[in-house]
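# What the coordinates show
The chain contents come next:
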Amino acid sequence: MPRPNNPELDLYKSGALIRLTGVDAGYGGATVLFGVDFEARAGEVALINGPAAAGKTTLTHVLRLALPPRSGRAVILGVDVGRASARSRAHVKKRIGYVAENPVFIEHWTAFDNIAMPLRMAGQKPRDYVDDVRELVDFVGLGDAADLRLEKLSAAERRRAAIARALAGKPALILADDPTANMSPGDGRRVVRLLAEMRRVGAGVVIASQDESLEECAPMHRWRIDRGRLSRIGQAASEAAEALE
Amino acid sequence: MRNALTGVERALFWTLAFAAFAAAAAGLAARAVDRVAADYEAARTSYAIVRIVEPEGPVGLAAAEAALAHAPHVASVAPIDSARAAAIMAPLGGPDVGPTQLIELELAGVAPGADAAGDIAAALAENGVTAEVYEASDDGGLSGRVRAAAFWGSIAFALMMAAIISLAARSLAARRREMVTVMCDLGATRSQAAGRIADEAAVLGLYAGLAGGALAGVAGLIVLWLAIPGLSLDALPSMILPVDLAPIVAAPLGAAIAAGAGARAAAGYFHGQAARLG
């Protein structure tokens, strides 16, 4: 739990959900991210574009607290990740909705039960969450497929289920790693719009994708990552997208 | 359970049940050895023989019998007459020894360390009978060693079965790895994720232990019936002590604990892998 009156909490209260400063990260002997500076704020969408193997997924792992920074400082939802205890990191993870490039589900459960998992983990009873989950299922357009076992769903339906699950716990921060992979352009854009909608309820949204045209879906802060180095490239097309909506 | 378990989990269930059966059966066998050794020791130490030195003949025998009727530690008195002597010697192929100057004694209430032979010889001497009293020779605590070996052997075997159950239960955690990963991604701590899998494994272990313990109990009854011809159901309650049932009671508890511990360790490992990449 963040301590009261500490700088990380003050940062969080000011609306900065994520602040990375000079972060290096990698796997084993390989460093993938080099001196990354990044910030994401509540009620905003950040789009991180970059080619394959540029470090998008690695950056997402850092942001979802699965990969500790080797150097630099990462403050996420008011917690300094490098100094946080395992319990504190778990607490932060509960407030992050994560849509993985290849989402992991409990395959023999229905999509509905998978989507409800964060609520069950929070101790809610089915009678308390069934309406909310149905609403989420409609919101992501999963329809009757929600009652099928996960193993029966198509790639696009799995993606929608992953988004619904990520949103179920009403997260403060939503991370989506290549959310349009294996989807038609139309489906992909609808998915990104769904994610971007969450900014309206005050959540911060970070989307990592190779597809640069996603910036047309919603107002976004744009970043570019290449060979592990991240740079900000502004808010191109965001106002136009807002107008289109 | 049948509908709740997939094929692999059914195989796991019966693996755990077999291990629990083996542990419980070993425990029952140890209890049987303990009971036989204890009975042997009781029978051995409650027996003595008196050889009358003076007066000789039937007079000495009668005087000794009368004196022994009131002697300490003596529960019953039986002179070794010609028939009894012949019965003893027959298996050894020995000669007919005729009437003897020997008396068999059944002892009772001999406190540990008490000199029963000395007390009985003194009681005989007070009544004018000179006699030698022979107790069972010291066997070096054989029955005690046998009982200890049976107890610790069964404990060691049960621990080995518990280790097998624990290792087998890890396969359940492996089959639930996706759940551990999902829970980790959703912010479950290691203890929360591992606890859920451990609970499931413990329930499986409990049911498997119940099955294994019940099978061991049935096997124990069959062995009793084979070992004791003519054994009736009515006689069983008086034969079986509550402590004899301890292995059957311990089987489900032990299997649940071992399965839960094994699954918890494996699930905790999987959580660690999911929680911290790199």
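The model shown is predicted, which means the values in this text are computed figures rather than measured ones.

Now for the overall build of chain B. Helix and strand counts for chain B stand at 9 helices and 4 strands. Moving toward the C terminus, one meets the helices and strands of chain B in the order α-β-α-β-α-β-α-β-α-α-α-α-α. The C-alpha radius of gyration of chain B comes to 30 Å, more than 25% above the 19 Å expected for a compact globule of 278 residues. On the principal axes, the C-alpha backbone points of chain B span a range of 95 × 40 × 30 Å. Within chain B, the proportion of its 278 residues that are buried is 36%. Nonlocal contacts in chain B, meaning residues at least 24 apart in sequence, comprise 86% of its contacts between residues at least 6 apart.

Entries for chain B in the domain assignment read domain 1 (7-40 + 141-275) and domain 2 (56-128). Centre-to-centre separation of domain 1 of chain B and domain 2 of chain B, based on C-alpha positions: 51 Å.

Our focus in this paragraph is the environment of Leu195 of chain A. Residues and elements named next belong to chain A. With respect to the helices and strands, Leu195 occurs in helix H7 (residues 185-197). Leu195 sits 31 residues away from Ala164 along the chain, and the two C-alpha atoms are 9.6 Å apart. What Leu195 contacts, discounting residues up to four positions off in sequence, is Ile163, Ile174, Ala176, Pro179, Val205 and Ile207.

Let us now look at the sheet that holds strand S5 (residues 79-80) of chain A. Sheet strands pair by backbone hydrogen bonding; their relative direction is either parallel or antiparallel. Residues and elements named next belong to chain A. Strand order in the open sheet formed by 4 strands is S2-S1-S4-S5, and the pairing between neighbours is antiparallel. The open sheet has two free edges, formed respectively by strand S2 (30-41) and S5, since each of these has just one partner strand. Note: strand S1 (residues 16-27) against strand S4 (residues 71-76), 5 bridges, orientation antiparallel. Bridge pairing links Asp24 to Ser71 in S4.

For interface size, the figure often reported is the accessible area lost on association. Taken residue by residue, the interface counts 15 residues in chain B and 21 residues in chain A. Among the elements that take part in the side of chain B that touches chain A, helix H6 (residues 177-185) of chain B stands out by supplying 6 residues, more than any other.

Our next topic: the nonpolar core. Leu195 and Ile207 of chain A together with Leu16 and Ala259 of chain B are the most contacted members of the largest nonpolar core, which totals 133 residues. Per-element accounting of this core gives the leading share, 13 residues, to helix H1 (residues 7-45) of chain B. Apart from the residues within four sequence positions on either side, Ala259 of chain B is in contact with Leu16, Ile165, Ser166, Ala169, Ala201, Ala202, Leu204 and Gly205 of chain B. In terms of nonpolar packing, the next biggest core, distinct from the first, is built from 21 residues, Ala48, Ala67, Leu102 and Leu107 of chain B among them.

Right, let's talk about the packing of H6 of chain B against helix H9 (residues 246-275) of chain B for a bit. All names here are of chain B. Packing of H6 against H9 leaves a shortest axis separation of 9 Å and a crossing angle of 50°. If you check the angle between H6 and H9, you find them oblique. As for how H6 packs across H9, the hand of that crossing is right-handed. Residues Arg177, Val180, Thr181 and Cys184 of H6 touch H9, and the partners they reach there are Ala267, Phe270, His271, Ala274 and Ala275. In terms of residue class, the contact of H6 with H9 is built from 6 nonpolar, 2 polar and 1 charged.

Cut-offs used in this document
- Residues numbered from 1 in each chain as written.
- Chains lettered and ligands numbered in written order.
- Predicted model: local features only at pLDDT ≥ 70, side-chain atom pairs only at ≥ 80, totals over all residues.
- Helix = DSSP H or I, 4+ residues; strand = E, 2+ residues; numbered from the N terminus.
- Rg over C-alpha atoms; globule rule 2.2 N^0.38 Å.
- Buried ≥ 20, exposed ≤ 12 C-beta atoms within 10 Å, placed from the backbone.
- Contact = placed C-beta atoms within 7 Å.
- Domains from an automatic or database assignment.
- Pairing = 2+ DSSP bridges.
- Core = buried A, V, L, I, M, F, W, Y, C linked by C-beta atoms within 7 Å.
- Axes fitted to C-alpha atoms, helices over the stretch in contact; angles between N-to-C directions.
- Parallel < 35°, antiparallel > 145°, perpendicular 65-115°, else oblique.
- Left-handed = near helix turned anticlockwise from the far one by under 90°.
- Nonpolar A, V, L, I, M, F, W, Y, C, P; charged D, E, K, R; others polar.

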